[in-house]
Structures are given as structure tokens and as C-alpha cells.
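Observations on chain architecture
One-letter residues, chain by chain:
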Amino acid sequence: MSLGSLRQRFTALGPWLESRLGLAGLWAVARKKDVPVHRHTLWYYLGGMTLFLFVIQIGTGVLLLFYYRPSAEEAFESVQFLMAEVQFGWLIRSIHAWAANLMIFTLFLHFFSALLLRAYRAPRELTWLSGMGLLGLALGFGFTGYLLPWNELAYFATRVGTQIVGVVPVAGDFFLRVLRGGEEVSGATLTRFYAIHVALLPASGLAIVGLHLYLVQKHGMSVPPGVERSGTALPRMRFFPNFLLRDLVGWLAALAILAALAAFLPAELGKKADPFTSAPAGIRPEWYFMFMFQTLKLLPAHILGLEGEMVGVVGFGLAAVFLLVLPFVDRPGQGGRLQPVFTWIGIGIIVFVIVLTYIGYTVSPTK
Ligand code: HEM
């Protein structure tokens, strides 16, 4: 085939694909999308950063599946083999572990910024609700993934974590048995956590991320109330390619940080879990559960005749319900002015999470 006819075929490929895929519409949407530029624009990068880390999790997670074996007899050994024998196995596992932490960190920042900038206001209620769903799923990913290497620390932390779920009034015992697959944390728990971690959560996660992104696309980026009030017309940046290229710079930086963390501080494995030994010292949850763990620890044994731990768990449940209904209760007051009380509640939640996490690691560390 001559060079000329090859070129002709390539030129014909465009219309051929377009008539089958119809992507010109998408292209038009991408060209039209833009982002308002103001003093809070930086916060708009956090959702994209979380998305990037989520994609890394899916990619590295699938690679880990090539070697991981989900049973109490083999899980620990399969991870040990992966770390010691498989080429770059340690790297993939370490990136998976670090990216999980970074993803939850950027997710918290994204959540806090949406809370304080009140990005949940109409018409973005469903964007917020889908985000809350993703927050729940991310915590679920962390909780279930922690057990999978079947090491001592993970085993006992899961015992404590599931026991806290058991404190939920009325249905607690049922939840505890559903999660554990029996009365105790055992191989059955591992199989369940595995199914939840690699099938249930990714499938629902991808679906909800899809909805979240669709809604972001549909409504565009919100302008924070403070900026809106100033009344000045805002400059806008084209999403494609200007904003996306800035996103890319952030993603490259994240990749460099991830590679450095994985290389210099690879994920540890510790000792294989032995259900018949007593819990070792220093059992504690992942950092993102620390504020809840610490709150429950600080509560007195009994509050108004009720079990202190149960009051704490119910309190967290009510806080979650409050966050879910927030877009529907934070309505403008008289004259269309926003009520400052919700900003203070938002600040209160953030300070609470930070202070309790700090106390958990410093004032009363679990030794
Ligand atoms: C895996 C988790 C998540 C991913 C991948 C994700 C992704 C994104 C992306 C790419 C955007 C557009 C850019 C931006 O504003 O940063 C966005 C916007 C938004 N997200 Fe998320 N998000 C996640 C979780 C959450 C959570 C936990 C919440 C809060 C409950 C939330 C609430 C919102 C809201 C309200 C917007 C609209 C912001 C605005 O219009 O100003 N998202 N998200």
C-alpha cells in the first residue's frame, strides 16, 4: 500500500468513527465547559484529585488481585509472596496503600470545602448527596481493605471496629453478624470483606462517581456565597484545555509524591493474625476513623443511664443524618441572606474532627 492511500485511509477513519460513536457532541460539551475564576478557585481541583487517586486505586487494586488469595489460610502468605518475590509487587501494594490514604485525605478536604463554601445549595442537593454516598463508600473501602492482608494489627482492629457496629441500637447485633459472617472475626469475615472491597464497593463507587460527575457537568461549578455577594462579574477559565492542564500538573505532582512515599516508606505487613493470642498493644484504627474511635474512648461508661458507647454511636449517626439533610435545611432567610449558623456548624465539625484526631495520636495514644 502506498503512503498516499494509507493517509487517505487514516483521514477516512475520523468520519467512520464519528458516524458510529457520535463523539462530536461530547467534544462540543467539553469546549463549552468553563470554570469561574475567583479567590476560592483552588478548591475546585480537589474533586479531580480525588478522582485521579480513585482511578489509581482501581488500577493497582486489579493488579493486586493477580496474586491475592482471600482465605484465612492463604491471604497473609499471598501478600508476603507479593512483597518479597513478585517483581514490583511491593511497589504496587505500597502505592495502593498510600493512594488510599491520600485519596481519603483529599476527599475530606473536598468534602470540607463543599461544606464551607456551601456548594450543596440548590440546585446541587443531589451532587452533595451523591458525594455523601462516596464518602461512605470510601470509608468502607478503607475499613474492608485493612483486614485483607490478614495480619495481627488488622485482625484486632477489625474486631474492635465491628464490635462498635454491634453497639448500634436494635439492629446492632444483626449488623455485627452480617459483617463478621458469624459471632467472631474469622475466615468468613475475610471472604465477606474481600467481596465487599473488590466487587460491591467498586461497582457502586463507579456508578455513583458517574452520577456525581454528570451532575457537576450539568450544573457547572458553584460560586461561593462570599464571592457571589460582591456582585462583580467573574472571569471564566475554559475547562478544556486550561483547567484540565492545571489538573494534570496536580496529578503529576501526586504521582511523584506517591512514588516517593511507596519507595521510601513501603507498606508493612507485620505478623500473621492469630485469633487465639491476646490483642497486641497499639491496636488502633486507620487515621480517618481516629476521631470517632477517640470520641467513644473519652465518653463516660454511662450517660443518663444509657451505655456511653451507644450514645456516641447514635450521636455519629445523627450527625450523618444532619449532613444528609443539610442542603434542604440551609435555606436563605429573610431578604435572601444565608444564615451564618450553618457556617459555624461547618467550622465546628471540622474543628471537632481535627482536635479529636490530634488527641487520639498525642494526648491519649493507644499504646
Ligand atoms: C470519590 C469521591 C469523590 C469524587 C471522585 C468527586 C469528584 C468531584 C469532581 C471532579 C467535582 C468537580 C470539581 C470540584 O469541585 O472539585 C466535584 C464537585 C462536587 N463534589 Fe465531589 N467528589 C467526591 C466526593 C464528594 C463528597 C464526599 C462530597 C460532599 C458530601 C462532594 C460534593 C461535591 C459538590 C457539592 C460538588 C460541586 C461543587 C461546586 O459546584 O462548587 N463530593 N466532585
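The following paragraphs examine the structure supplied in this document. (Residues numbered from 1 in each chain as written. Predicted model: local features only at pLDDT ≥ 70, side-chain atom pairs only at ≥ 80, totals over all residues. Heavy atoms only, no water.)

The next point concerns the overall build of the protein. Helix and strand content of the protein: 14 helices and four strands. Expressed as a percentage of its 367 residues, the buried residues of the protein come to 37%. Put simply, 78% of the contacts in the protein that link residues at least 6 apart link residues at least 24 apart. Carbon and sulfur atoms provide 71% of the accessible area of the protein, an area that totals close to 20500 Å². The protein carries 28 positive and 19 negative side-chain charges, and their two centres are separated by 15 Å. (Helix = DSSP H or I, 4+ residues; strand = E, 2+ residues; numbered from the N terminus. Buried < 20%, exposed > 50% of the residue type's maximum accessible area, 1.4 Å probe, protein only. Contact = heavy atoms within 4.5 Å. Areas by Shrake-Rupley, 256 points an atom, 1.4 Å probe, with all protein chains shown as cover. Lys, Arg positive; Asp, Glu negative; His and termini not counted. Charge placed at Lys NZ, Arg CZ, Asp CG, Glu CD.)

Turning our attention to the coordination of the iron atom of the ligand. Surrounding the iron atom of the ligand are the protein donor atoms H110 (NE2) and H212 (NE2), which sit 2.0 to 2.1 Å from the metal. The site at the iron atom of the ligand holds six donor atoms, and with the angles between them running 87 to 179°, its shape is octahedral. You can see H110 sitting in helix α5 (residues 89-116) and its partner H212 sitting in helix α9 (residues 187-219), a full 102 residues away along the chain. (Donors = N, O, S within 2.8 Å, 3.2 Å for Na, K, Ca; no water. Tetrahedral: all angles 85-135°; square planar, octahedral: opposite > 155°, others 65-115°.)

Scanning all chains against the criterion turns up 10 salt bridges. Overlapping salt bridges, with partners in common, bring together D173, R177 and E183 in one network. (Salt bridge = Lys/Arg side-chain N within 4 Å of Asp/Glu carboxyl O.)

Here we take up the packing of α5 against helix α6 (residues 125-147). Interhelical geometry of α5 versus α6 gives an angle of 155° and a closest axis separation of 11 Å. One finds that α5 runs roughly antiparallel with respect to α6. The handedness of the crossing between α5 and α6 comes out as left-handed. Touching M103, I104, L107, F111, A114 and L115 of α5 are W128, M132, L134, L135 and A138, all from α6. Tallied by class, the residues present in the contact of α5 with α6 amount to 11 nonpolar, no polar and no charged. (Axes fitted to C-alpha atoms, helices over the stretch in contact; angles between N-to-C directions. Parallel < 35°, antiparallel > 145°, perpendicular 65-115°, else oblique. Left-handed = near helix turned anticlockwise from the far one by under 90°. Nonpolar A, V, L, I, M, F, W, Y, C, P; charged D, E, K, R; others polar.)

This part covers the packing of aromatic side chains. For the structure on display, the rule yields 22 aromatic pairs. Both rings, one in Y45 and one in F243, keep their centres 4.3 Å apart while their planes meet at 10°; by these two values the pair is stacked. Pair noted here: Y45 is in helix α3 (residues 45-65) and F243 is in helix α11 (residues 239-264), with a separation of 198 residues, a long-range link. Note on F108 and W287: the rings are 6.1 Å apart at their centroids and 50° apart in plane angle, and the pair reads as tilted. (Phe/Tyr/Trp six-rings, centres within 6.5 Å; stacked < 30°, edge-to-face > 60°.)

How two helices sit against one another is set out by the angle between their axes and by the gap between those axes. The interhelical angle for the contact between α5 and helix α14 (residues 340-361), taken along N-to-C directions, is 155°, at an axis separation of 9 Å. Classified by the interaxial angle, the pair formed by α5 and α14 is roughly antiparallel. For the element pair α5 and α14, the recorded crossing hand is left-handed. Facing F112, L115 and L116 of α5, the residues of α14 in contact are T343, G346, I347, I350 and V353. Per-class residue counts for the contact of α5 with α14 are six nonpolar, two polar and no charged.

In the neighbourhood of the ligand, 23 residues make up the surrounding shell, with Y44, G47, H110, H212 and S222 lying closest. G47 places a main-chain nitrogen or oxygen 2.9 Å from an oxygen atom of the ligand. Within the side chain of H110, an N or O atom sits 2.8 Å from a nitrogen atom of the ligand. Elements that contribute at least two residues to the shell around the ligand include exactly α3, α5, α6 and α9. Considering only residue class, the shell around the ligand consists of 13 nonpolar, nine polar and one charged. (Near = heavy atom within 4 Å. Polar contact = N/O pair within 3.5 Å; in protein donor to acceptor, adjacent residues only side chain to side chain.)

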